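# Working through the structure, step by step
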Amino acid sequence: MLSETDTQSHADKIRDDGFAVIEHAASPALVEGLKEALLRTERDHNLAYAKTSFEGYRTVRINNLLTYDDLFWEVPLHENVLPVVERVLDRECLLSSFCSLVLGPGQEAQPIHEDTQLIPLPRPHIPITINAIWALSDFREDNGATRIVPGSHKYDSSPEYGREYETVIATMPAGSVMLFDSALWHGGGANTSDARRFAFSSAYCWGWMRQQENLQLGIPHETARRFPRRLQELCGYSVYKGQFGHIDNRDPIELLGRERGQAHGVGSHRCEEGAG
């Protein structure tokens, strides 16, 4: 588990440089187990390559991963990753999306982009989403390691789509995790090797934001009831600052048979602040 000093150091790097790499964050046993679970999910559900050039015609992306295998639950909750996210955002953050990024041989490089450009906020702005790229294979230049433009989260504009930019290749050994501010300019690399490159994208957002994936509707209640409480909260069964996300002044986690959260009075300020 990360020390307090390491947690703060990684959070500072994300704020200053736009990214931080936690080498060997996950154990080799977990990495192998996750790869096996991905392959099993692809096979059992007959999942194939993405159908757009941006997502990658030689890339398998599996969304709503938490519904496929219980082992996937460990990723958003990982003790070497989540504390850094909470340090940059806060303890009431949400899981925004969680998908696989498996690049097959021949996958072309993804255009450089940033993940907040559809949100109408002037740049630069505070970090609103933190993405965790899990390397389940060694990330190398020849197999599609993510390309980044360090410091670009502070730029006052988004990249021009399709234009080439000078980038840094985020190489890292399997089991490592790169966390980055979603405003950072980045893109997947080209896989010119003869093997598949396995990875996850696990993105987190503020509790006051709408998640990229609608996890409350996408995950069956019978599955969500089996989640650890913290994962239930990350998926949106929670109330941000005691006000945002309640159901008739009740904590939505009660729908899963849990007691309401005690950190804030659910809806306690809603009527006063909205009375006018």
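Look up a bit, the structure's there.
In what follows, the accompanying structure is described.

Cut-off values and rules
- Residues numbered from 1 in each chain as written.
- Predicted model: local features only at pLDDT ≥ 70, side-chain atom pairs only at ≥ 80, totals over all residues.
- Heavy atoms only, no water.
- Helix = DSSP H or I, 4+ residues; strand = E, 2+ residues; numbered from the N terminus.
- Buried < 20%, exposed > 50% of the residue type's maximum accessible area, 1.4 Å probe, protein only.
- Contact = heavy atoms within 4.5 Å.
- Areas by Shrake-Rupley, 256 points an atom, 1.4 Å probe, with all protein chains shown as cover.
- Lys, Arg positive; Asp, Glu negative; His and termini not counted.
- Charge placed at Lys NZ, Arg CZ, Asp CG, Glu CD.
- Salt bridge = Lys/Arg side-chain N within 4 Å of Asp/Glu carboxyl O.
- Pairing = 2+ DSSP bridges.
- Axes fitted to C-alpha atoms, helices over the stretch in contact; angles between N-to-C directions.
- 1 Å grid on protein atoms, 1.4 Å probe; cavity = no way out; pocket = protein on both sides within 12 Å on 5 of 7 lines; lining within 4 Å.
- Points joined across faces, edges and corners; volume = space filled by probe spheres on them.
- Nonpolar A, V, L, I, M, F, W, Y, C, P; charged D, E, K, R; others polar.
- Expected span 1.5 Å × (residues − 1).
- Arc of directions from axis to C-beta.
- Disulfide = S-S within 2.5 Å.

What follows is about the overall build of the protein. The secondary structure content of the protein amounts to seven helices and ten strands. For the protein, the spread of C-alpha atoms along the three principal axes comes to 60 × 45 × 40 Å. A buried classification covers 53% of the 276 residues belonging to the protein. A separation of at least 24 residues holds for 80% of the contacts in the protein among residues at least 6 apart in sequence. For the protein, the accessible area works out to roughly 13,200 Å², and carbon and sulfur atoms hold 50% of it. Each charge class in the protein can be summarised by its mean position, and for the 27 positive and 39 negative side chains these summaries are 4 Å apart.

We now examine the pattern of salt bridges. Tallied over the full model, the rule gives 16 salt bridges. In this structure, Arg230 and Glu86 form a salt bridge, with 2.9 Å as the shortest nitrogen-oxygen distance. With Arg230 in helix H6 (residues 229-234) and Glu86 in helix H3 (residues 82-88), this pair connects stretches of sequence that are 144 residues apart. Residues Arg230 and Glu86 agree in their burial class; the two are buried. Linked by salt bridges that have partners in common, Glu86, Arg91, Arg229, Arg230 and Glu233 make up one network.

Glancing now at the sheet that holds strand S1 (residues 19-22). Ordered by their spatial adjacency, five strands build an open sheet running S1-S8-S5-S10-S3, and the pairing between neighbours is antiparallel. Only two strands of the sheet have a single neighbouring strand rather than two, namely S1 and strand S3 (94-100). Between one strand axis and the next, the sheet turns through 15 degrees on average, direction left out of account. Pairing analysis gives four bridges linking S1 to strand S8 (residues 177-181), with the strands arranged antiparallel. Bridge assignment links Ala20 to a residue of S8, and that residue is Leu179. Sheet strands in contact with helix H1 (residues 4-17) are S1, strand S5 (129-135) and S8, and its direction is about 145 degrees off that of S1.

Another aspect to go through is the sheet that holds strand S6 (residues 147-148). As summarised here, the arrangement of the three strands in space is S7-S6-S9, forming an open sheet in which the pairing is antiparallel. Bordering the open sheet on either side are strand S7 (168-169) and strand S9 (186-187), each of which pairs with just one other strand. Pairing geometry for S6 and S7, over two bridges, is antiparallel. Note that in S7 the partner of Arg147 across the bridge is Ile169.

Attention shifts here to the layout of surface pockets. Volume-wise, the largest pocket comes out at about 1,000 Å³. For the largest pocket, the lining is made up of 41 residues, of which Phe54, Arg61, His113, Asp115 and Gln212 are closest to its centre. Among the secondary structure elements, those contributing two or more residues to the lining of the largest pocket are S3, S5, S9 and strand S10 (199-205). The class makeup of the residues in the lining of the largest pocket is eleven nonpolar, 22 polar and eight charged.

Next up on the list: the pairing of S5. Most of S5 is tucked away, with seven of its seven residues classed as buried. Of the strand pairs in this sheet, S5 and S8 are connected by five bridges, and their pairing is antiparallel. What sits directly across from Ile130, in S8, is Asp181.

Taking 1.5 Å of rise per residue, the 14 residues of H1 would be expected to cover 20 Å, and the 20 Å separating its terminal C-alpha atoms lies within 8% of that figure. Listing the buried residues of H1 in full gives Thr7, His10, Ala11 and Ile14. Down the axis of H1, the sector holding all buried residues measures 100 degrees, keeping them to one side. Taken together, the buried residues of H1 touch S1, H3, S5 and S8. Of the residues one or two after H1, Gly18 is the one with positive phi, at around 95 degrees.

Next up on the list: helix H2 (residues 28-44). An α-helical segment advances 3.6 residues per turn. Residues three or four places apart therefore align on the same side. The end-to-end C-alpha distance of H2 is 24 Å, a good match for the 24 Å that 17 residues give at a rise of 1.5 Å each. For H2, the secondary structure elements touched by its buried residues are strand S2 (59-60), S3, strand S4 (102-103), S5 and S10.

Before going further, it helps to spend a moment on the environment of Asp6. Relative to the elements of secondary structure, Asp6 occurs in helix H1. For the pair Asp6 and Asn80, spaced 74 residues apart in sequence, the C-alpha to C-alpha distance is 9.7 Å.

Moving on to the state of the cysteines. As used in these notes, a disulfide is a covalent bond between sulfur atoms, one from each of two cysteines. Scanning the entire structure with this criterion turns up zero disulfides. Unpaired in terms of disulfides, Cys99 finds its nearest cysteine sulfur in Cys235, a separation of 14 Å. With no disulfide of its own, Cys205 lies closest to Cys93 among cysteine sulfurs, the gap being 8.0 Å.

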